[in-house]
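Chain and residue survey
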Amino acid sequence: MRRSKAEAEQTREKILDAAARLFCVRGIAQTTLEQIAREAGATRGAFYWYFKDKTDVLNAIYERYKPPPLDQIEAAAAAGPIEDPFGIMAATGLEFLAMVENDPIQQRLHLILISGQPGDETAPWRERHNGHVYGVLVQLMTQARTAGQLAPDLTPEQAAVSQMAMINGLIGEWHRSGQAFGLAAAGEKLLPRFLVALRCRAS
């Protein structure tokens, strides 16, 4: 019985590995369930034993590789008012950029998440994921405004979306340039300066 459970878990992991490889190379919309099963050395029936559809397997890939800095900002947002929201965003942002630069798994996860197309079957999941990250950042920016740290001409929503654009833009350009520059080094120079622009000058 133990062997059977171990083999079942191994098959599930092979399917996740196969889906991650194909999503990254082909894109989500262009990858079929048959291709995933074949890449994993399994049958389509085996795929359906573990996962309902591509959205289900995409969610499992994300939960498997979810970057720890996101857990940190979620915890900070949920904890209520904190002394330095911008400090949390700077530290977690820099940690995330360094993690993407140095961890091929995080590189693959980021490429997978941006490989979907509007209207494909995983679009609702990806929209919820992005909306969740945006919501967490809005919470932190709202804390910054309450603490008098956010520039008065910015809303928490504007500050949150600009933070997302900054981080995702750096990673996107790093990928598109063939990793022509140091991602973490660029973040260390640019992210603190960017966050200064969002701060209230009096703070």
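Refer to the structure above for everything that follows.
Summarised in this report is the structure supplied together with it. Note that the structure is predicted; figures quoted are calculated from it, not measured.

How each quantity is defined
Per chain, residues are indexed from 1 in the order of the written sequence. Since the coordinates come from a predicted model, pLDDT governs what is reported: local features require at least 70, and pairs of side-chain atoms require 80 or more to be given and counted, while whole-chain, interface and lining totals use all residues. Side-chain descriptors were evaluated using all non-hydrogen atoms of the structure, hydrogens and water having been removed beforehand. Here, a salt bridge means any side-chain nitrogen of Lys or Arg that lies within 4 Å of a carboxyl oxygen of Asp or Glu. Helix numbers and strand numbers start at the N terminus; a helix is a DSSP run of H or I with at least 4 residues, a strand a run of E with at least 2. Each residue gets one of three labels from its accessible area relative to the maximum for its type: buried under 20%, exposed over 50%, partly exposed in between, using a 1.4 Å probe on protein chains only. Axis lines are fitted to C-alpha atoms, over the contacting stretch for helices. Their N-to-C directions set the angle, which ranges from 0 to 180 degrees. For this classification, under 35 degrees means roughly parallel, over 145 means roughly antiparallel, 65 to 115 means roughly perpendicular, and everything else is oblique. When the near helix sits turned anticlockwise from the far one by under a right angle, the crossing is termed left-handed; a clockwise turn instead gives a right-handed crossing. In what follows, a contact means two residues having at least one pair of non-hydrogen atoms within 4.5 Å. For this scheme, ten residues count as nonpolar: Ala, Val, Leu, Ile, Met, Phe, Trp, Tyr, Cys and Pro. Four count as charged, namely Asp, Glu, Lys and Arg, and the remainder, Gly too, count as polar.

1. Section: the pattern of salt bridges
Side chains that differ in sign of charge can pair as their charged atoms come close. For the structure shown, the criterion picks out eleven salt bridges. Linking Arg 176 and Glu 173 is a salt bridge whose minimum nitrogen-to-oxygen distance equals 2.8 Å. Here Arg 176 pairs with Glu 173, and both are found in helix H9 (residues 156-176), just three residues apart, close to one helical turn. Taking relative accessible area as the criterion, Arg 176 reaches 61% and is therefore assigned exposed. When its relative accessible area of 42% is taken as the criterion, Glu 173 is described as partly exposed. Through salt bridges with shared partners, one network takes in Arg 12, Glu 13, Asp 17 and Arg 64.

2. Structural notes on the packing of helix H6 (residues 85-102) against helix H10 (residues 183-198)
Look at H6 against H10: their axes get within 9 Å of each other, and the N-to-C directions meet at 160°. Looking at the two axes, H6 sits roughly antiparallel to H10. Along this stretch, H6 crosses H10, giving a crossing that reads as right-handed. Across the interface between the two elements, Phe 86, Met 89, Ala 90, Gly 93, Leu 94, Leu 97, Ala 98, Val 100 and Glu 101 from H6 touch Leu 183, Ala 184, Gly 187, Glu 188, Leu 191, Leu 195 and Leu 198 from H10. When the residues that make up the contact of H6 with H10 are grouped by side-chain class, the tally is twelve nonpolar, two polar and two charged.

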